[in-house]
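Analysis of the macromolecular model
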There are 2 protein chains.
Amino acid sequence: MKKVLVIGGGLVGSLLSANLSRHGYKVKLYERRPDVRGIELQAGKSINLALSTRGWKAVDLIGLREKIEKISIPMYGRMVHDEEGNKSLQPYGKEGQAIYSVSRGELNVCLLDKAEKEYDVEMNFDWRCVHVDFETTTAEFEHTETGEKRKETADLIFGTDGAFSQVRANMQLTRRFDYQQEFIPHGYRELLMPANADGSHKIEKNALHIWPRGGYMLIALPNLDGSYTCTLFMPYEGKDSFAALEDDEKVKRFFTEVFPDFTEMMPDIIKNYREHQLADLVIIRCYPWVNKNTAILGDASHAIVPFYGQGMNSGFEDVSVMDELIEKHNHDWEKILPEFQQLRKPDADAIATLAMRNYVEMRDLVADPGFVLRKKIEGKIYRKHPEQWMPLYSQVTFSHTRYSQALKTGMIQDRIMEEVMKRPDIESTWDSAEVEEAILEKLKALK
Amino acid sequence: MKKVLVIGGGLVGSLLSANLSRHGYKVKLYERRPDVRGIELQAGKSINLALSTRGWKAVDLIGLREKIEKISIPMYGRMVHDEEGNKSLQPYGKEGQAIYSVSRGELNVCLLDKAEKEYDVEMNFDWRCVHVDFETTTAEFEHTETGEKRKETADLIFGTDGAFSQVRANMQLTRRFDYQQEFIPHGYRELLMPANADGSHKIEKNALHIWPRGGYMLIALPNLDGSYTCTLFMPYEGKDSFAALEDDEKVKRFFTEVFPDFTEMMPDIIKNYREHQLADLVIIRCYPWVNKNTAILGDASHAIVPFYGQGMNSGFEDVSVMDELIEKHNHDWEKILPEFQQLRKPDADAIATLAMRNYVEMRDLVADPGFVLRKKIEGKIYRKHPEQWMPLYSQVTFSHTRYSQALKTGMIQDRIMEEVMKRPDIESTWDSAEVEEAILEKLKALK
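Note that the structure is predicted; figures quoted are calculated from it, not measured.

We now examine the sheet that holds strand S9 (residues 127–133) of chain B. Residue and element names in this part refer to chain B. A sheet is described by the order of its strands in space; here three strands give the open sequence S9-S10-S11, paired in antiparallel fashion. In this open sheet, the two strands that pair with only one neighbour each are S9 and strand S11 (149–153). With direction set aside, neighbouring strand axes in the sheet form an average angle of 25°. Here six bridges tie S9 to strand S10 (residues 138–143), and the two strands are oriented antiparallel to one another.

Below is the structure:
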């Protein structure tokens, strides 16, 4: 029985461990932090996640859908809040299609439990990886409390230890390893909107709420207990920035003026604002992802910004792509690993680009009538010609189309829709047969 | 007297040390390797360097021009060798303008000697930097032989420890540090062409020799002892690649067919080819370059590919730019360091771009008649209207124009010359008043 080491017991690592065990490998999981299952979970402790189609596919591999459905809340659209407090719902996809709000901590507990109890994965918490030797497929760990050292040799090592991966740091010391870490000029700060006294949600439960304000935005994702995990994304420096919110009075005034409906629902905005640390947003790109019998997955090889809700989903898709390659190559890892990285790298690059572009869409465009009309037109074409036109958001969120393909198709759609939106009478004619034909013809010409 | 630590005793570090000492600082220099002055120097041990105008300016700060002139050889142009062994000389600039071939090792010896003997810089060799604490401006070192540890606290720390900088590695652990290392798909291998029996040069001494072959190239720079340091730049993989030269027979056939005149002058091409290791080419970009009282310079903050001959020159220009800021801000480092990085970062990015572009020019375009004609036309305009048109190569190599400005001007020149070269009769009319006026008019329109 082949031995596998998985380094990093977050979402991707615990899912991967369970799935490899299912395939007949003897899996040991190592995690630097303590077992999250021993710690009381608190909603709002990190960006809530939105599980979507790609993620569910990987979850299905280990039979965890039902359990995760119980701890997640479907969000069928974006609820856009303007500065006057008006709200409008923009559906994400077709009727019934949703993305699912789930707490990172609760999801991790589910995955670890499944991996340990059903798939017999050996769990080692509080062990920090300090070194990986690719020649011998050996990893060295240090216990975070006792300082004890331990070495493990395996047939395969997987690094799923996140954006600041130690496994990747060791790859970085080898020859010709391309690496990039890029911090965007924006950061984020979380806030927690409490439930009503009776435990009900203060605002629409089945939506992702956005307060788009051009250069920055506030979002809110529902939690099971009636609260919302809210996140303010904003530049570090400049006129509207975290730096500008230097004292309590300015914080108070900012929220009251810019997010009046939100602020009314918050019991103590200043205290809430100060409670969570300002956090950074980083994009990680690197290559190769494989060195001999060691590979990195998820944020370790491709960390992205959270604006397309695809960070976890792309990591989970790594697991299902690898699953397919295990079948295809019948466990021949000399074929699986090279094909995995070659196949997956362009998709990781594409979703990194898409995620950054979606920030502009979320914080600015969703409030723009032209953008809303464009979505309406695309929605119509999609319903009538689903085999010819799937909007980019749907491709990314509700399909298994490769991200790189979605990016290409999306650019063609952009070109077509930019032209269509220039038609002088588009507000009145958007639903006409003429516009529909024009779109389809251009599509044919460009394909 | 303010204490300064310079970490890294290569070219930029030794020059910087001497210059800071000249400004009245007490400078300690730490270098990981042994003192190069104790080791017998061997030509051809690393890419020969081409010192040009920007480099000389910094050399002048510490009064080392005369000495370096004695160990360097002026190269007035490119000697292009085609596949039939025909040669043609393309001058680099105006008459008398040259770039200077110098051995890295010999230059380093000169700089270290000057820093130690004339500027009283304290030298510490065989000490590897293991950690920098930016809060306390403290660096920790470990002796490479004895393992002894030592801490040094200073008022300022400068990291000039090259492309794989330890100072930068410590910056990378701080918040929001952008970093990129990118290995290009090409590598290089050095060869040494010996002198004639009487010590004379086998080919033109005062030129940089190029054998451009489209996807790859060979170059040769003269050494004082009559030999040439030659470098083959080529892709790692593919049809014409290092991977394809897998056995001695293939190496022999490759050189004989592709570089016949060169190979005739080489006593044992196979042995020579195997003597030096295949080496990588990396581009490093990062930001910020400053953390509190610590700054990184040269390759540590901006390593580039060698194809514009500006790696060392841009590092030396870092030193002279900092020199100007020391005067401007009268030693107020709270002003000097922030302005230094803000000023210099766009120029480092620009030369990184230019250097990569020049690879295509060197390995491919210099053999193209259209390109040669374009250079001739530009040369004429430059001679007649020097205040309006300085060719990009001259701006980079023979001026102190900011790299970022040169890149911009170069793009305007490209646009103009692309149009001019499209004129059907350009081969016969290039020297006409009509073409000259057309160029000047377009220039006026675009400025």
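Alright, that's what it looks like, and here's the rest.
Residues and elements named next belong to chain B. Across the interface, helix H14 (residues 403–421) lies against helix H16 (residues 433–446) with an axial gap of 10 Å and an inter-helix angle of 145°. Relative to H16, the crossing made by H14 is right-handed. Of the residues in H16, those touching H14 at Ile412, Arg415, Ile416, Met417, Glu419 and Val420 are Val435, Ile439, Lys442, Leu443 and Leu446. Broken down by class, the residue content of the contact of H14 with H16 amounts to eight nonpolar, no polar and three charged.

Remark: a regular strand shows side chains that alternate across the two faces of the sheet. All names here are of chain B. Hairpin connection between S9 and S10: a loop of four residues separates the two successive antiparallel strands, and threonine 137 in this loop has a positive phi of roughly 50°. As judged from the five bridges shared by S10 and S11, these two strands associate in the antiparallel manner. Bridging across to S11, phenylalanine 141 finds its partner in arginine 150. Where S10 folds back on S11, the antiparallel hairpin that results is connected by five residues, among which glycine 147 adopts a positive phi of roughly 80°.

Attention shifts here to the domain arrangement of chain A. Residue and element names in this part refer to chain A. As far as domains go, chain A holds domain 1 (3–42 + 102–180 + 281–357) and domain 2 (368–446). The C-alpha-based centres of domain 1 and domain 2 are spaced at 37 Å. Each partner contributes to the interface: domain 1 provides 13 residues, whereas domain 2 provides eleven residues. Counting each side, the surface lost to burial between domain 1 and domain 2 is near 1100 Å², with a carbon and sulfur contribution of 56%. Two residues, aspartate 347 and arginine 402, come together in a salt bridge whose shortest N-O distance is 2.8 Å. Viewed at the interface, domain 2 and domain 1 are joined by five residue pairs in polar contact (both at pLDDT 80 or more). Across the side of domain 1 that touches domain 2, the residue classes tally to six nonpolar, three polar and four charged.

Below, the discussion takes up the pattern of salt bridges. Two side chains with opposite charge may pair up if their charged atoms get near one another. Residues and elements named next belong to chain A. Scanning the model with the defined rule gives 77 salt bridges over all chains in all. Linking lysine 328 and glutamate 339 is a salt bridge whose minimum nitrogen-to-oxygen distance equals 2.7 Å. Taken together, the residues lysine 328 in helix H10 (residues 311–328) and glutamate 339 in helix H11 (residues 333–363) connect sequence positions eleven residues apart. Residue lysine 328 is classed as exposed on the basis of its relative accessible area of 56%.

Once that is clear, we can look at the sheet that holds strand S2 (residues 26–30) of chain B. Residues and elements named next belong to chain B. Strand order in the open sheet formed by six strands is S8-S2-S1-S12-S19-S18, with mixed pairing between adjacent strands. The sheet terminates laterally at strand S8 (122–124) and strand S18 (290–291), the two strands that pair on one side only. For strand S1 (residues 3–7) and strand S12 (residues 156–159), the ladder comprises four bridges, and the chain directions are parallel. If you follow valine 6 over to S12, its bridge partner there is phenylalanine 158. In the packing of helix H1 (residues 11–22) onto the sheet, contacts are made with S1, S2 and S12, and the angle to S2 comes to roughly 165°.

Turning to the relation of the copies chain B and chain A, a few remarks are in order. In screw terms, the move from chain B to chain A is a rotation of 180° and a rise of 0.1 Å along the axis, fitting with an RMSD of 0.0 Å. Within this description, the copies of the chain are treated as partners about a two-fold rotation axis. Scanning chain B for the C-alpha nearest the rotation axis identifies Gln180(B), at a separation of 2.0 Å. Looking at chain B, 100% of its interface residues are interface residues in chain A too, so the copies touch through the same face.

Every buried residue of helix H2 (residues 53–61) of chain A is accounted for by Arg54(A), Gly55(A), Trp56(A), Ala58(A) and Val59(A). One or two residues past the end of H2(A) sits Gly63(A), with phi positive at roughly 65°.

All names here are of chain A. Tracing the chain through its elements places tyrosine 382 in helix H12 (residues 369–384). Separated by 288 residues in the primary sequence, tyrosine 382 and lysine 94 place their C-alpha atoms 9.2 Å from one another. Discounting residues that sit within four places of it in the chain, tyrosine 382 has contacts with Lys94, Trp389, Met390, Pro391 and Ser394.

Bringing the packing of aromatic side chains into the picture now. All chains considered together, the criterion is met by 47 aromatic pairs over all chains. Ring geometry for Tyr30(A) against Phe141(A): centres 3.8 Å apart, planes inclined by 10°, an arrangement best described as stacked. A residue pair is termed long-range when its members are at least 10 positions apart, and Tyr30(A) in strand S2 (residues 26–30) and Phe141(A) in strand S10 (residues 138–143) qualify at 111 residues. This pair shows no difference in class: Tyr30(A) is buried, exactly as Phe141(A) is. On the basis of an interplanar angle of 40° and a centroid distance of 5.6 Å, the ring pair of Tyr216(B) and Phe254(B) is categorised as tilted. You can see Tyr216(B) sitting in the loop between strand S14 (208–212) and strand S15 (217–222) and its partner Phe254(B) sitting in helix H6 (residues 248–258), a full 38 residues away along the chain. When sorted by exposure, Tyr216(B) lands in the same class as Phe254(B), which is buried. Positioned above the aromatic ring of Tyr359(A), the side-chain terminus of Arg363(A) is 4.4 Å from the ring centre. A cation over an aromatic ring shows up here: Arg78(B) above the ring of Tyr393(B), its NZ or CZ 5.5 Å from the ring centre.

Attention now moves to the interface of chain B and chain A. A common way to express how large an interface is: the accessible area buried when the components associate. In this complex, chain B contributes 17 residues to the contact, which on the side of chain A involves 17 residues. Carbon and sulfur atoms make up 34% of the surface buried where chain B meets chain A, a total of about 1500 Å² over both sides. Per-residue buried area on chain B facing chain A is highest for Arg176(B), Gln181(B) and Phe183(B); these three make up 41% of the total on that side. For the pair chain B and chain A, the number of links is two salt bridges. Here Asp280(B) ties to Arg175(A) by a salt bridge, and the two come within 2.4 Å at their closest N and O atoms. On inspection of chain B and its partner chain A, the count reaches 13 residue pairs in polar contact (both at pLDDT 80 or more). Looking at the side of chain B that touches chain A, its residues break down into eight nonpolar, four polar and five charged. With three bridges joining them, strand S13 (residues 178–193) of chain A and strand S13 (residues 178–193) of chain B adopt antiparallel strand pairing. Across the sheet, residue Gln180(A) finds its bridge partner in S13(B), namely Gln180(B).

A separate point is the side chain of Lys114(A). Residues and elements named next belong to chain A. Its location among the elements puts lysine 114 in helix H4 (residues 104–118). A polar contact is formed between the side chain of lysine 114 and the backbone oxygen of glycine 63, at a distance of 3.3 Å. Each residue touching lysine 114, except ones within four places of it in the same chain, is listed here: Ile62, Gly63, Leu64 and Tyr119.

With an omega of 0°, the peptide bond between Tyr287(A) and Pro288(A) qualifies as cis. Structurally, the position occupied by Pro288(A) is in the loop between strand S17 (279–287) and strand S18 (290–291). We note that Asn330(B) has phi near 45°; this positive angle belongs to a residue other than glycine. Locating Asn330(B) in the fold gives a position in the loop between helix H10 (311–328) and helix H11 (333–363). Asn330(B) sits in the exposed class, given a relative accessible area of 61%.

Thresholds applied
Residues numbered from 1 in each chain as written. Chains lettered and ligands numbered in written order. Predicted model: local features only at pLDDT ≥ 70, side-chain atom pairs only at ≥ 80, totals over all residues. Heavy atoms only, no water. Pairing = 2+ DSSP bridges. Helix = DSSP H or I, 4+ residues; strand = E, 2+ residues; numbered from the N terminus. Axes fitted to C-alpha atoms, helices over the stretch in contact; angles between N-to-C directions. Left-handed = near helix turned anticlockwise from the far one by under 90°. Contact = heavy atoms within 4.5 Å. Nonpolar A, V, L, I, M, F, W, Y, C, P; charged D, E, K, R; others polar. Domains from an automatic or database assignment. Buried area = accessible area lost by both parts, 1.4 Å probe. Salt bridge = Lys/Arg side-chain N within 4 Å of Asp/Glu carboxyl O. Polar contact = N/O pair within 3.5 Å; in protein donor to acceptor, adjacent residues only side chain to side chain. Buried < 20%, exposed > 50% of the residue type's maximum accessible area, 1.4 Å probe, protein only. Least-squares fit on C-alpha atoms with pLDDT ≥ 70 in both. Phe/Tyr/Trp six-rings, centres within 6.5 Å; stacked < 30°, edge-to-face > 60°. Lys NZ or Arg CZ within 6 Å of the ring centre and 35° of its normal.

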